[in-house]
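Analysis of the macromolecular model
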Protein chains: 2
Amino acid sequence: MNNNERLIQLLTASDQFISGEKISEELGISRTAVWKQIKKLEAQGYEIEAITKQGYRLLYAPSPFQADKVEQVLAGHRFGHTIHYYDAVSSTQTIARELAEQGGKEGIVVLAEQQLQGKGRMGRNWHSPYAKGVWMSIILRPATPIQLAPQLTLLAAVALTRAIRTVTALEVGIKWPNDILHQGKKLSGILLESAAEEQQLRYVIAGLGIDVNLGEKDYDQELLQKATSLRIESGKPQQREKLVEAIMLELEALFNLYDQKGFQPIAELWESYALSLGKRISLTTPQEQFEAVPLRLTAAGSIVVRMDDGSEREIYSAEMGEIKQ
Amino acid sequence: MNNNERLIQLLTASDQFISGEKISEELGISRTAVWKQIKKLEAQGYEIEAITKQGYRLLYAPSPFQADKVEQVLAGHRFGHTIHYYDAVSSTQTIARELAEQGGKEGIVVLAEQQLQGKGRMGRNWHSPYAKGVWMSIILRPATPIQLAPQLTLLAAVALTRAIRTVTALEVGIKWPNDILHQGKKLSGILLESAAEEQQLRYVIAGLGIDVNLGEKDYDQELLQKATSLRIESGKPQQREKLVEAIMLELEALFNLYDQKGFQPIAELWESYALSLGKRISLTTPQEQFEAVPLRLTAAGSIVVRMDDGSEREIYSAEMGEIKQ
């Protein structure tokens, strides 16, 4: 057992504080070396309270994602049957895209404990600390024409919402098109990247980032006003494996529904979880910024909003701001 | 001057037959070596008539594409300002996509004398013999949402139609969505590949294959019923440089129109060149095959067809068969 493992053992053995001196003795290393070991554990997702004269106390210990168990549960299913599991990657999205270009089949998942250059919408970064979230990308190969690609974005948001509700019992909702919120704070984002040849989608990579077990220390003060995790909201750590399994099964059920009955039932589900319908919001498109009231989805998956002059307008792509009531 | 160059000089010096024996003497090589040199020239795009006891006669000599001159003409323009010119590539489409992924700007063109694995629609091969066609891919970066990507396919077909009409005076037309035909035979194909992030297109690669100076020997008998070249149809070789310049300027004019007035004027132009509107055709989608009569384009760039029961149906993606009148 190395020092890292011995330190974990010491910390997990008790829910009381253990002094730096005691650790120093047990491990046979200096107090400074103890502090360095503590920092190393924090980078691995451990949360450790440090109080002068009392020492260190373990608040939260992460557990590595058990990809093989999830693969077993999902064997023979449409999504999640194969999981490419990594410790750290630049971005799961990039790896999944490469796999898709090489012919990787539908349902392959790329999941990493940590992303060094996680991608969010509109070229933003996505903060993905070690072992505390679900950072994954799924290869989809739908027989959907390019005009209807937005339907898939909304389908993915419905799957994620339902999975989170089932696993955590939190009543999360959707901010158009596909952010998942709880009591106004963002828990999860979805990024769909598509490759098409003429009107036919060749593949779609669905990137899902879910703040599962992040603690308050994982957010800066400004971010804490807008973002949160399932652990913070539900008051307890959540099993990432259960969540991934639920997402894959929801995706399968919704895609089966979509393949058989088209987009209408998906749109109805989406609208039932939507947080912004009928409420005044700001919209930022590549061309302009304005306020409007989202009314409904179109058959193609765009959103229709009511403008201030009472006219209706179809929005294809925009960033939605805060809900203003 | 090497044997290859000396042979070209001998053949171009006269429009009469020159005997194998004469060539053998002039070049100081065997008759068999002469035959091998002739075969080499044919692979370079030369067409040489060979008649027993008369010898060889030059029918057609290709000239290399002068990319630098075209770049000069198009300097400062939106498309064609930069041409990556290659002798032979697997596919110009693949190279253009890599350039776009690396941030290559709009209007960059990849053009090759020959494609070893040229790509057509629906995963088909595209026959691209040496120095006789325009085999090129153009990077587009339109601010178009993914739902409207089909509009770009139709815009490209209009640009190509107008450029061919201007340069060759041939009254070519469009078979939906974007094949260019002359008197029922295909002259050119377009393949648009798109990459999108959420609803926003990141880039589009427009691949254009134009059979410019192919001779009848470049087609097998079956293909000759369905395909042809500008040289065959117009009865004389065409300057590829002029054609590429005209295409780039048409694309620029049409994109300016599109950016200012939207898709409507583009749709009207497309319909004015369309060969299949109002005529009975067969349609093959990924799901089924049926006959119908194309009526008009939609605002998003799909096509509306009239079914046999009189109902109308919107077609997003299909292969259109022969026109049945």
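Residues numbered from 1 in each chain as written. Chains lettered and ligands numbered in written order. Predicted model: local features only at pLDDT ≥ 70, side-chain atom pairs only at ≥ 80, totals over all residues. Heavy atoms only, no water.

In the annotation of an unreviewed UniProt entry, chain A is listed under the name Bifunctional ligase/repressor BirA and assigned to Paenibacillus montaniterrae. In the Sequence similarities (unreviewed entry) part of its UniProt record, chain A is described as follows: "Belongs to the biotin--protein ligase family." According to UniProt, the comment filed for chain A under the heading Function (unreviewed entry) is "Acts both as a biotin--[acetyl-CoA-carboxylase] ligase and a repressor." (UniProt positions renumbered as here; feature names shortened; annotations may be inferred.)

1. Some details on the pattern of salt bridges
One side chain can pair with another of opposite charge once the charged atoms of both are near each other. Residues and elements named next belong to chain A. Following the criterion strictly, the structure yields 36 salt bridges over all chains and no others. Close ionic contact of K132 with E47 constitutes a salt bridge, the shortest N to O distance being 2.6 Å. Of this pair, K132 sits in the loop between strand 4 (108-115) and strand 5 (134-140) while E47 sits in strand 1 (residues 47-51), placing them 85 residues apart in sequence. In this pair, the class of K132 matches that of E47, namely buried. Note that D259 and R78 form a salt bridge whose closest N and O atoms lie 3.1 Å from each other. Residue D259 is found in helix 9 (residues 240-261), and its partner R78 is found in the loop between helix 4 (67-74) and strand 3 (82-89); the two are separated by 181 residues along the sequence. (Salt bridge = Lys/Arg side-chain N within 4 Å of Asp/Glu carboxyl O. Helix = DSSP H or I, 4+ residues; strand = E, 2+ residues; numbered from the N terminus. Buried < 20%, exposed > 50% of the residue type's maximum accessible area, 1.4 Å probe, protein only.)

2. Looking at the relation of the copies chain A and chain B
Of the transformation placing chain A onto chain B, the axial shift is 0.0 Å and the rotation is 180°, giving an RMSD of 0.0 Å. Both chain copies can therefore be described as sitting about a two-fold axis. If distances are taken from each C-alpha of chain A to the rotation axis, the shortest is found for A:Q147, at 2.0 Å. (Least-squares fit on C-alpha atoms with pLDDT ≥ 70 in both.)

3. A look at empty space enclosed by the protein
Under the counting rule described, the total for this entry stands at two cavities of 30 Å³ or more. By volume, the largest cavity amounts to about 50 Å³. Looking at the largest cavity, the residues that line it are A:A149, A:P150, A:L152, A:T153, A:L192, A:S194, A:V204, B:I146, B:E198 and B:Q199. The set of elements that each furnish at least two residues to the lining of the largest cavity consists of helix 6 (149-168) and strand 8 (185-197) of chain A. Among the elements that line the lining of the largest cavity, the one with the most residues is helix 6 of chain A, at four residues. (1 Å grid on protein atoms, 1.4 Å probe; cavity = no way out; pocket = protein on both sides within 12 Å on 5 of 7 lines; lining within 4 Å. Points joined across faces, edges and corners; volume = space filled by probe spheres on them.)

4. Considerations on the packing of helix 1 (residues 3-12) of chain A against helix 3 (residues 31-43) of chain A
Residue and element names in this part refer to chain A. It is at 10 Å that the axes of helix 1 and helix 3 come closest, and there the two elements cross at 85°. In terms of axis orientation, helix 1 runs roughly perpendicular to helix 3. On the side of helix 1, the interface is formed by N3, N4, L7, I8 and L11, while helix 3 contributes Q37, I38, K40 and L41. Broken down by class, the residue content of the contact of helix 1 with helix 3 amounts to five nonpolar, three polar and one charged. (Axes fitted to C-alpha atoms, helices over the stretch in contact; angles between N-to-C directions. Parallel < 35°, antiparallel > 145°, perpendicular 65-115°, else oblique. Contact = heavy atoms within 4.5 Å. Nonpolar A, V, L, I, M, F, W, Y, C, P; charged D, E, K, R; others polar.)

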